[in-house]
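# Residue-level structural notes
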Amino acid sequence: MLFTIQVNNRKIKAEKGETILSALNRNGIRIPTLCRMADFSPTGACRICVVEVEGRDRLVTACSQPVEEWMKIRTHSPRVITARKTIVEMLLSNHPDDCLYCDKNLNCELQRLAEELNIRERRIRAKKIKPRLDQSSPAIVRELSKCILCGRCIRVCEELISANSIDFIGKGSKTHVGPAMDRDFNFSSCIHCGQCVMVCPTGALHEKHNLVEVQDYLHHNDIAKVIQYSPLVTIGIAEEMGIKYNKDFDRTLNSILRRIGFNKIFNSGVGTDICITEIAGQLLERIKNETEDPLYISACPSWVKYAEQFMPDIIPQLSTVKSPQQLTGGLIKTLIADSSGIMPEKIFSVSVTPCMAMKFEARRDGMMRKGISDVDSVMTVRELARLIRLYGIDISNIEPEPADEPMEGSSSAAGLTEISGGITEAVLRLVYFYEYKNDADKQLFKRLRAGGAFRETSLMIANRKIAVAVVDGLTGLEKLRAAFNAGRKYNLIEVMTCPGGCINGAGMPFAMHEINIKSRRKIIYQADETDPINLPCKSPVNINMYDKYLKENEVLSDKKVFYTHYIKRNVLL
Ligand code: SF4
Ligand code: SF4
Ligand code: FES
């Protein structure tokens, strides 16, 4: 039901049941928020969103207060502005003054609020929070002195990711955020998804950088610098650089990376095509053997760690095929080393990815051969953008170039795997093509492309029913359990930790995150519509891989480079 309220002496329409904030935003009136997150219930913790409501003694928090008929609201009165300003001044009173060196400089919400509220002097001084730097995680850094206790990270970890790895610890002025028993991150159940980093308004949580290490290696003349980037990375770099993405930009990134000093450049889509092919092989084998248990796709490293910690019973059902990053890395240290006549230990292999957990994955046991890692260093899209800026490359004025042979291209199905449900669709499409020698109608995968934390469908191929399920964000695991309890059976199950898939990965740009997720999805689906090489079995690189290199290259012939193993992990809580 719609009714009228008065805001700043102007009548606007509000809807019964919505909050004051929602009514204001719908009518183009913006007020600041800090602890609030879209799609989460409000906590009212920070009070930055206060407004004045006629007849109420106290200011009310717009993010949690339901709107009522004929309310008279003032959003920017002197009283409101003073209250907001004081809140931010209090937050700044014990904050370290190191904005210039902070990871979130120019992306910090606290900094932006101070600027918007015209805070130009330090009026309130408090004892600085004791610095505590936790660098124990391979993916995430915690700087406790920058935490403003908004609680966003805790809620995301619990409600969106279901890992429950962090919480408020201590009382009063000693309150802080951390893992169980106040241990460091590496002792916790954190699965390195990085979604807490994406919502932290300050630099209290940020990614662990590998940029300096990469810069350092770029000057080692006796080392071959090889880089791979996933299909989504070019879209992310275009966003970071503020340019409109087009297909040519994929090749422009190759030129940029060469100018920076990388000797060989590959798209991780090559590894994705192998990943799809191998999983399709495992699936067909299980169907042939009438294996009852489902095969779980293991391309998401956060999901794999979650399963190892909290669902160890399914470890034997986790596909042993490595992730695209690790497959490409494995090929760089074997096939590329061999064909270029370079010792694998003389290759520095860098991966650029939209996923923060891949920093952890690269260090996993089983991701190296004879003591040599598949991937030596992992950078997020944000880190690569910094590197490009650092090298002063004018990306608007650069000729596109191909990637290096013999891994210069991949199928559009490889791009699909960056979206939740995409790898399942790619595997099914491939299995269908094997059987019928033509493309499956995309309508068959409509249910996999729909939204929601849990999706399922089935396909008849060669008189066999293949049932699949997609868990889009770990909250969907509850629905998977319910489906099992109801007696449903699946042949293949995909689990992605970040809702929406890698397009919502924590290695992607911060700015305009929500809008960009939709546009990333659209670009990938459009590319898949128009690309004639829409399956791994049509990609010349993938065909060569199986028909030539696997046969000719001794190290690759047993395919051990493509496979890994998993372990049960004991975590504290
Ligand atoms: S990285 Fe993910 S699992 Fe770890 S604390 Fe942050 S949200 Fe939780
Ligand atoms: S670490 Fe960041 S998101 Fe978490 S409570 Fe502190 S400021 Fe908020
Ligand atoms: S944004 Fe409303 S109380 Fe924090």
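Residues numbered from 1 in each chain as written. Chains lettered and ligands numbered in written order. Predicted model: local features only at pLDDT ≥ 70, side-chain atom pairs only at ≥ 80, totals over all residues. Heavy atoms only, no water.

Closest axis-to-axis distance for the helix 7 (residues 231-241)/helix 8 (residues 248-260) pair is 9 Å, and the angle between their directions is 85°. Classed by the angle they form, the pair helix 7 and helix 8 counts as roughly perpendicular. Along the contact surface, helix 7 presents V233, T234, I237 and A238, while helix 8 presents F249, D250 and L253. Partitioned by chemical class, the residues of the contact of helix 7 with helix 8 number five nonpolar, one polar and one charged. (Axes fitted to C-alpha atoms, helices over the stretch in contact; angles between N-to-C directions. Helix = DSSP H or I, 4+ residues; strand = E, 2+ residues; numbered from the N terminus. Parallel < 35°, antiparallel > 145°, perpendicular 65-115°, else oblique. Contact = heavy atoms within 4.5 Å. Nonpolar A, V, L, I, M, F, W, Y, C, P; charged D, E, K, R; others polar.)

The next thing to look at is the domain arrangement of the protein chain. In terms of domain boundaries, the protein chain breaks down into domain 1 (2-76), domain 2 (91-208) and domain 3 (213-562). Each of domain 1 and domain 3 was reduced to a C-alpha centroid, and the two centroids are 43 Å apart. (Domains from an automatic or database assignment.)

With that settled, the discussion passes to the sheet that holds strand 11 (residues 224-229). Pairing is parallel across the open sheet formed by four strands, whose spatial order is 12-11-14-17. The open sheet has two free edges, formed respectively by strand 12 (264-267) and strand 17 (377-380), since each of these has just one partner strand. Pairwise comparison of adjacent strand axes, ignoring direction, gives a mean angle of 20° for this sheet. Strand direction decides the pairing type here: strand 11 and strand 14 (residues 347-353), joined by six bridges, are parallel. In the sheet register, Q228 faces strand 14, and the bridge partner there is S351. (Pairing = 2+ DSSP bridges.)

Before going further, it helps to spend a moment on the sheet that holds strand 3 (residues 50-53). Sheet strands line up and pair through hydrogen bonds in the backbone, either parallel or antiparallel. Strand order in the open sheet formed by five strands is 2-1-5-3-4, with mixed pairing between adjacent strands. Single-partner strands in this sheet number two, and they are strand 2 (10-15) and strand 4 (60-61). Bridging between strand 1 (residues 2-7) and strand 5 (residues 72-74) involves two bridges; their strand directions are parallel. In the sheet register, V7 faces strand 5, and the bridge partner there is I73. Strand contacts of helix 2 (residues 78-93): strand 3 and strand 5, with the helix running at about 155° to strand 3, the strand carrying the most contacts.

It is worth spelling out the nonpolar core at this point. Counting 88 residues, the largest nonpolar core has F262, W303 and L384 as its most contacted members. Built from parts of two domains, this core gets at least three residues from each of domain 2 (91-208) and domain 3 (213-562). Contacts of F262, omitting those with residues within four sequence positions, involve V214, L218, K225, V226, I227, L257, V350 and L387. Of all hydrophobic cores here, the second largest spans 50 residues; its members include V321, I332, L428 and L430. (Core = buried A, V, L, I, M, F, W, Y, C linked by side-chain atoms within 4.5 Å. Buried < 20%, exposed > 50% of the residue type's maximum accessible area, 1.4 Å probe, protein only.)

Quick look at the pattern of salt bridges now. Evaluation of the coordinates by the stated rule reveals 41 salt bridges. Across the pair E308 and R569 runs a salt bridge whose closest N-O atoms are separated by 2.6 Å. Of this pair, E308 sits in helix 10 (residues 301-310) while R569 sits in the segment after helix 19 (540-552), and the two are 261 residues apart along the sequence. Of the residues examined, E308 reaches a relative accessible area of 0% and is grouped as buried. (Salt bridge = Lys/Arg side-chain N within 4 Å of Asp/Glu carboxyl O.)

Looking along a regular strand, one sees side chains alternate from face to face of the sheet. Burial runs high along strand 14: seven of the seven residues are buried. Both faces of strand 14 are covered, namely the face carrying I347, S349, S351 and T353 and the face carrying F348, V350 and V352. In the sheet, strand 14 pairs with strand 17 via four bridges, with the strands oriented parallel. Pairing of V352 across the sheet is with M379, part of strand 17.

Let us look at the packing of aromatic side chains. One pass over the full model with this rule turns up six aromatic pairs. Here Y432 and Y436 contribute two aromatic rings whose centre-to-centre distance is 4.7 Å and whose plane-to-plane angle is 55°, an arrangement assigned as tilted. Highlighted residues: Y432 and Y436, both in helix 15 (residues 422-436), separated by four residues, approximately one helical turn. By relative accessible area, which is 35% here, Y436 ends up partly exposed. With 6.4 Å between their ring centres and 75° between their planes, F454 and Y490 make a pair best called edge-to-face. (Phe/Tyr/Trp six-rings, centres within 6.5 Å; stacked < 30°, edge-to-face > 60°.)

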